[in-house]
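Listed below, chain by chain, are the residues.
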Amino acid sequence: MLRIGIVGTARILPSHLRGMRALLQAGLADFRITALVGRTTAGAMAFRRRGEGPAPRPPVGAPGDPLAAEHLYVSDVHPDTLPECFGDVRAMLDAGCVDAVLLLTPVHLHHTQAIACLEAGVHVLCEKPLAVSVRAGRAMVEAALRHGRVLGVAEGVAYDATVRLQAWAVRGGVVGPVEMVLMGGVGTGAWSPDRIVAETPWRHRKLEAGGGPSIDIGVHQFDHIRAVAGEVAEVTAMTARFAPERVTPGPDGSVSQRVHPDVEDTFHAVFRLATGGLGHVSFSWAGHGDPTFWPGGPVVYGGRGVLKGRRWQPEGGAEVDLASLAGAEAQQDAWFPGGIRDTKALQFLDFLRAVSGGPTMEADGDQGLADLACAMAVLESAAARQVVRVADVLSGAVDAYQRPIDTAHGLGGLT
Ligand SMILES: NC(=O)c1ccc[n+]([C@@H]2O[C@H](COP(=O)([O-])OP(=O)(O)OC[C@H]3O[C@@H](n4cnc5c(N)ncnc54)[C@H](O)[C@@H]3O)[C@@H](O)[C@H]2O)c1
């Protein structure tokens, strides 16, 4: 039985607990959450047992957002074992009570906390984005390699049904060579044009988040694009900050949080795939009025027709749901063990299997780093006002935007 530590009593935690419970209920995994780490030991009690400890912050966001998931507690996942609570990662590691951790802290803490765990021989599944900079992410990947431990990134995208279907259709030749990929949107319904995203001011500060939506949303988007269409070779982008101030309104209409962002709230990028196809990716936390998204989710134009989300329209033919194609049906058991479709459950199962000596995790540290390099290429391109190669961002040859972050976090930087 694997002993799991959870670091960060985050808003995203209940959605992970829901996935973990689904795995135990389906008999697909054998683990117990044996440690909870917060900023204080008392704070860590918030999710230990229903009705005990300080009340967790209320969920936030529009329905369907994982941050809007209703509270769930470790006692709801497995009543037979309650975790020890700690006020910092080092205390948890010194207690020797975990084999692996799920890391759910703000982005600028990922690399130091993950590396401390890996050095102590503990496997790490880290929430996205992998790190606050490419250099920080690379240090995590190198630490995992050095210590022979699993490092995964909880982006979830690779395990999503639409992504699975689109990737299958492109890789299997249904769509033909990818010519164009279109992905993005303006506005969120909950945070646009000037609300503090997820009521977390750190998301609007460069040294804590790495960037705005280019990073927070961009790693998901590039994960999807790469899963479906292969590697992104180069990026050219522009960014803007339309809202100089963001707030969280209090219950009586007063302002309960206020932040003056130093990151973008909007990006538009054009990219070239390694195969020669082109794409456009964007996202904005600004946008007055109704949100807008590319119709039907990511749109992929191939040599034989167009994919809009899971809808496939062969040139000159009738539209079908990709899931109805015979080849896709045959994949269901491999893609969704036990019929589970919750991406948090599926990625955690993949992590547990890798930790137990199974195949390499699909969303491993290398994948998280590659997604981060694409997302950082957006910000490097916008800062330099030129086209950048993703390989140069990954190697560190292009890092002007990130240098202040690396300097602040003691990762080298300004020369
Ligand atoms: N995969 C997704 O769809 C998704 C969605 C939302 C958030 N996220 C990611 O999840 C992570 C957390 O995001 P969130 O919105 O839940 O943030 P949050 O600010 O609500 O949660 C972070 C938690 O970390 C705790 N923390 C801070 N410093 C700590 C320390 N030194 N030790 C232990 N705990 C500490 C805070 O108290 C807080 O509870 C981020 O990496 C974010 O990008 C992923």
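Residues numbered from 1 in each chain as written. Predicted model: local features only at pLDDT ≥ 70, side-chain atom pairs only at ≥ 80, totals over all residues.

### Topic: the domain arrangement of the protein
As a measure of interface size, the accessible area lost when the parts come together is often cited. The domain architecture assigned to the protein consists of domain 1 (2-157 + 339-362) and domain 2 (160-336). Spacing between the C-alpha centres of domain 1 and domain 2 amounts to 25 Å. Looking at the side of domain 1 that touches domain 2 residue by residue, the classes come out as nine nonpolar, six polar and four charged. (Domains from an automatic or database assignment. Nonpolar A, V, L, I, M, F, W, Y, C, P; charged D, E, K, R; others polar.)

### Section: the site of the ligand
Neighbouring the ligand are 23 residues, the closest being G8, A10, R11, I12 and E127. Partitioning the shell around the ligand into residue classes produces 12 nonpolar, six polar and five charged. (Near = placed C-beta within 6 Å.)

### A short note on the sheet that holds strand 6 (residues 151-154)
The six strands lie next to each other as 3-2-1-4-5-6, forming an open sheet whose pairing is parallel. Among the strands making up the open sheet, the edge pair consists of strand 3 (84-86) and strand 6. In this sheet, neighbouring strand axes are inclined to one another by 25° on average, regardless of whether the strands run parallel or antiparallel. Bridging between strand 5 (residues 123-127) and strand 6 involves four bridges; their strand directions are parallel. Bridge pairing links V124 to L151 in strand 6. (Pairing = 2+ DSSP bridges. Helix = DSSP H or I, 4+ residues; strand = E, 2+ residues; numbered from the N terminus. Axes fitted to C-alpha atoms, helices over the stretch in contact; angles between N-to-C directions.)

### Here's the deal with the environment of M376
Tracing the backbone shows M376 in helix 14 (residues 365-384). C-alpha of M376 to C-alpha of V132: the two residues are 244 residues apart in sequence and 9.7 Å apart in space. Apart from residues lying up to four places away in sequence, M376 is in contact with V134, V393 and Q402. (Contact = placed C-beta atoms within 7 Å.)

### Observations concerning the packing of helix 1 (residues 13-25) against helix 13 (residues 343-355)
Relative orientation of the contacting elements helix 1 and helix 13 amounts to 65°, with a least axis distance of 8 Å. By the angle class used here, helix 1 and helix 13 are roughly perpendicular. In this structure, helix 1 meets helix 13 at a crossing whose hand is right-handed. Across the interface between the two elements, S15, H16, R18, G19, M20, A22 and L23 of helix 1 pack against K344, A345, F348 and L349 of helix 13. (Parallel < 35°, antiparallel > 145°, perpendicular 65-115°, else oblique. Left-handed = near helix turned anticlockwise from the far one by under 90°.)

### Structural notes on the pairing of strand 6
On any regular strand, side chains alternate: one points to one face of the sheet, the next to the other face. Here strand 6 shows a buried face lined by L151 and V153 and a second buried face lined by G152 and A154. Handedness of the crossover is the feature at issue here: the chain leaves strand 5, passes through helix 6 (residues 134-147), returns alongside strand 6, and the resulting connection is right-handed. (Buried ≥ 20, exposed ≤ 12 C-beta atoms within 10 Å, placed from the backbone. Right-handed = clockwise from strand over helix to strand, strands pointing away.)

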